[in-house]
Amino acid sequence: IPGHQERPRIVRIAGFSRMADTKQSVNWKALVKLCAEKAMQDAGLPAPFGPDVPLTLTITAVFPRPKSARGDKTLRQPKLTKPDWDNIGKAISDAMNGIIYADDCAIDCAIVSKVLGAENDAPHTRVAVTAMAPLATTRRPSRKPSRAGP
């Protein structure tokens, strides 16, 4: 079942309070990290994308269809209940830091879909990272009129 970023919990260590991810979030991020490392290895990419490469992140989280779901069971349907789409995206983008990209601040576009699977769909999450061509910086032509002499 697709995971998500849960609210961090406040824990006390040696009299000090700090925020910590839940065990479920830690385990989900570890699984995403493992899959990301394998994907990089399978693609033959030795290092993460640098910070100067704009990236598009596309996530499709397929959840199990409850028996009470209406509509055509052979088609996927939007999942309009929790978890929120941004918590799914945050957990995945954080987990891939340092593996797929140097830092998730390089993601300039993210598309997160959450759907109820068709009757034969196993729950899963599909992630695609697309490197966009860096925007070229172009210099505007000068607007000064040319001086043509008589």
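Whatever comes next refers back to the structure up there.
This section reports on the structure supplied with the text. (Residues numbered from 1 in each chain as written. Predicted model: local features only at pLDDT ≥ 70, side-chain atom pairs only at ≥ 80, totals over all residues. Heavy atoms only, no water.)

Looking only at helices and strands, the protein features two helices and six strands. When the helices and strands of the protein are placed in sequence order, the string is β-β-α-β-β-α-β-β. Split into buried and exposed, the 150 residues of the protein put 30% on the buried side. Here the analysis covers contacts within the protein between residues at least 6 apart in sequence; of these, 78% occur between residues at least 24 apart. By element, 57% of the accessible surface of the protein is carried by carbon and sulfur atoms, the whole surface being about 10,900 Å². (Helix = DSSP H or I, 4+ residues; strand = E, 2+ residues; numbered from the N terminus. Buried < 20%, exposed > 50% of the residue type's maximum accessible area, 1.4 Å probe, protein only. Contact = heavy atoms within 4.5 Å. Areas by Shrake-Rupley, 256 points an atom, 1.4 Å probe, with all protein chains shown as cover.)

One pass over the structure, following the stated rule, counts six salt bridges. A salt bridge links Asp 121 to Arg 76; the shortest N-O distance between them is 2.7 Å. Of the two residues, Asp 121 is situated in the loop between β5 (107-116) and β6 (124-131) and Arg 76 in the loop between β3 (55-63) and β4 (77-78); the sequence distance between them amounts to 45 residues. Classification of Asp 121 by relative accessible area gives partly exposed; the value is 28%. Residue classification places Arg 76 among the partly exposed residues on the basis of a relative accessible area of 41%. (Salt bridge = Lys/Arg side-chain N within 4 Å of Asp/Glu carboxyl O.)

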